[in-house]
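Residue-level structural notes
The chain contents come next:
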Amino acid sequence: MFRRARISCLFGLFAWISICAAQTPAPTPQSLAGLDDIVTKAMAQWKIPGLSVAVVRDGKVIYAKGLGYRDVEKKLPVTTDTLFAI
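Below is a short write-up of the structure. (Residues numbered from 1 in each chain as written. Predicted model: local features only at pLDDT ≥ 70, side-chain atom pairs only at ≥ 80, totals over all residues. Heavy atoms only, no water.)

So, on to the sheet that holds strand β3 (residues 76-77). Spatially, three strands are ordered β1-β2-β3 in an open sheet, and the strand pairing comes out antiparallel. Among the strands making up the open sheet, the edge pair consists of β1 (50-57) and β3. One ladder, built from eight bridges, connects β1 with strand β2 (residues 60-71); its direction is antiparallel. Within β2, the position partnered with S52 by the bridge is G66. (Pairing = 2+ DSSP bridges. Helix = DSSP H or I, 4+ residues; strand = E, 2+ residues; numbered from the N terminus.)

Here's what the structure looks like:
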């Protein structure tokens, strides 16, 4: 049940990011500068070990980054190519 809450939170976070990015006329990497901090704080609050973030505009990826660990014990980092079992 707690896992569902985490997944729901992640989808909500991604939806919020999409809405924020969609409202800007021409997002640039500078306009996404604070995104890492927002995601890192959400990860700490929800105790999420790692995730990938991508912002897409007009079918093109304008921002992609992996944050945290895909395997906490082995300290393997999340990358933009990490596959998640969801």
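Going through the model one piece at a time under the given rule, you end up with two salt bridges. Residue D36 pairs with K65 through a salt bridge whose shortest N-O separation is 2.8 Å. Taken together, the residues span a long stretch of sequence, with D36 in helix α2 (residues 35-46) and K65 in strand β2 at a distance of 29 residues. You can call K65 partly exposed: its relative accessible area is 32%. Put simply, D58 and R57 hold a salt bridge, and the shortest N to O gap is 3.9 Å. (Salt bridge = Lys/Arg side-chain N within 4 Å of Asp/Glu carboxyl O. Buried < 20%, exposed > 50% of the residue type's maximum accessible area, 1.4 Å probe, protein only.)

The biggest cluster of nonpolar side chains holds ten residues, and these are L32, L35, V39, M43, I48, L51, V53, V55, Y63 and L67. Those elements that place two or more of their residues in this core are α2, β1 and β2. (Core = buried A, V, L, I, M, F, W, Y, C linked by side-chain atoms within 4.5 Å.)

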